[in-house]
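Geometric and topological summary
Below, each chain spelled out in residue letters.
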Amino acid sequence: MKNLLLSLVIMIFLVGCHATKSRTSNTDAVEQEIAATTSDTVTIANDELEYEIIIIEPGFNAWLLSTARPEGYYSQGFLESRNYLYVTEWNQRVRQPLRYNPNLYEMQIDYSPNIDYGYEVNYKLYNYFIYFQRTYKQRLGPFTPRI
């Protein structure tokens, strides 16, 4: 339930931010913007656990489809161990907004090593961390973010 609430907060935040943009009378531009936002939205969900993360990051979906290693390349154990390290560092940075850019680290991620989130959740979360580190020149752990 917390995760659903987190998703709603993210969506409201994004809608709120979007509402401040200037409006154009050109409907084609609006349609293109909606299509770009939709294509850059990746939902990570595990219905059994009622777990959902919505990533709205320009370019991530295209990167995931074109650059990231295909599903099955990494084992679930590998993904879980890396995600745990990345989430731990991410959450520490969220709690230190004076030290780390609060525009990059906005919300904590609720990730427990004792829960089996499934392969898809771990795969997409891991790849988001790789994309994030490469795009924003951040380093969330001892490993160089490689593809």
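See above for the structure.
Each value, and the rule that gives it
Residues numbered from 1 in each chain as written. Predicted model: local features only at pLDDT ≥ 70, side-chain atom pairs only at ≥ 80, totals over all residues. Heavy atoms only, no water. Helix = DSSP H or I, 4+ residues; strand = E, 2+ residues; numbered from the N terminus. Polar contact = N/O pair within 3.5 Å; in protein donor to acceptor, adjacent residues only side chain to side chain. Salt bridge = Lys/Arg side-chain N within 4 Å of Asp/Glu carboxyl O. Buried < 20%, exposed > 50% of the residue type's maximum accessible area, 1.4 Å probe, protein only. Axes fitted to C-alpha atoms, helices over the stretch in contact; angles between N-to-C directions. Parallel < 35°, antiparallel > 145°, perpendicular 65-115°, else oblique. Left-handed = near helix turned anticlockwise from the far one by under 90°. Contact = heavy atoms within 4.5 Å. Expected span 1.5 Å × (residues − 1).

As for its placement among the helices and strands, Arg-93 is situated in helix H4 (residues 76–94). At a separation of 3.3 Å, a polar atom in the side chain of Arg-93 contacts the side chain of Gln-138.

Right, let's get into the pattern of salt bridges. Summed over the entire model, instances satisfying the criterion amount to 2 salt bridges. With a shortest N-O distance of 2.8 Å, Glu-89 and Arg-93 are connected by a salt bridge. Taken as a pair, Glu-89 and Arg-93 lie in helix H4 at a separation of 4 residues, close to a single helical turn. Arg-93 gets classed as buried once you look at its relative accessible area, which sits at 8%. For Glu-120, the salt bridge is made with Lys-124, and the minimal N-O distance between the two is 2.9 Å. Residue Glu-120 and its partner Lys-124 are located together in helix H5 (residues 119–136), separated by 4 residues, close to a single helical turn. A relative accessible area of 14% means that Lys-124 is categorised as buried.

The residue Gln-92 is located in helix H4 in this model. Of the residues examined, Gln-92 reaches a relative accessible area of 33% and is grouped as partly exposed.

Moving on, we come to the packing of H4 against H5. Look at H4 against H5: their axes get within 9 Å of each other, and the N-to-C directions meet at 50°. In terms of their interaxial angle, H4 and H5 are classed as oblique. Judged by the twist between their axes, the crossing of H4 over H5 is left-handed. Judged by residue contacts, Gln-76, Phe-78, Leu-79, Glu-80, Arg-82, Asn-83, Tyr-86, Val-87 and Trp-90 of H4 engage Tyr-119, Asn-122, Tyr-123, Leu-125, Tyr-126, Tyr-128, Phe-129, Ile-130, Phe-132 and Gln-133 from H5.

So, on to H4. Spanning 19 residues, H4 covers 26 Å between terminal C-alpha atoms, matching the ideal 27 Å at 1.5 Å per step. Along H4, the residues that are buried comprise Leu-79, Arg-82, Asn-83, Tyr-86, Val-87, Glu-89, Trp-90, Asn-91, Arg-93 and Val-94. In this fold, the buried residues of H4 make contact with H5.

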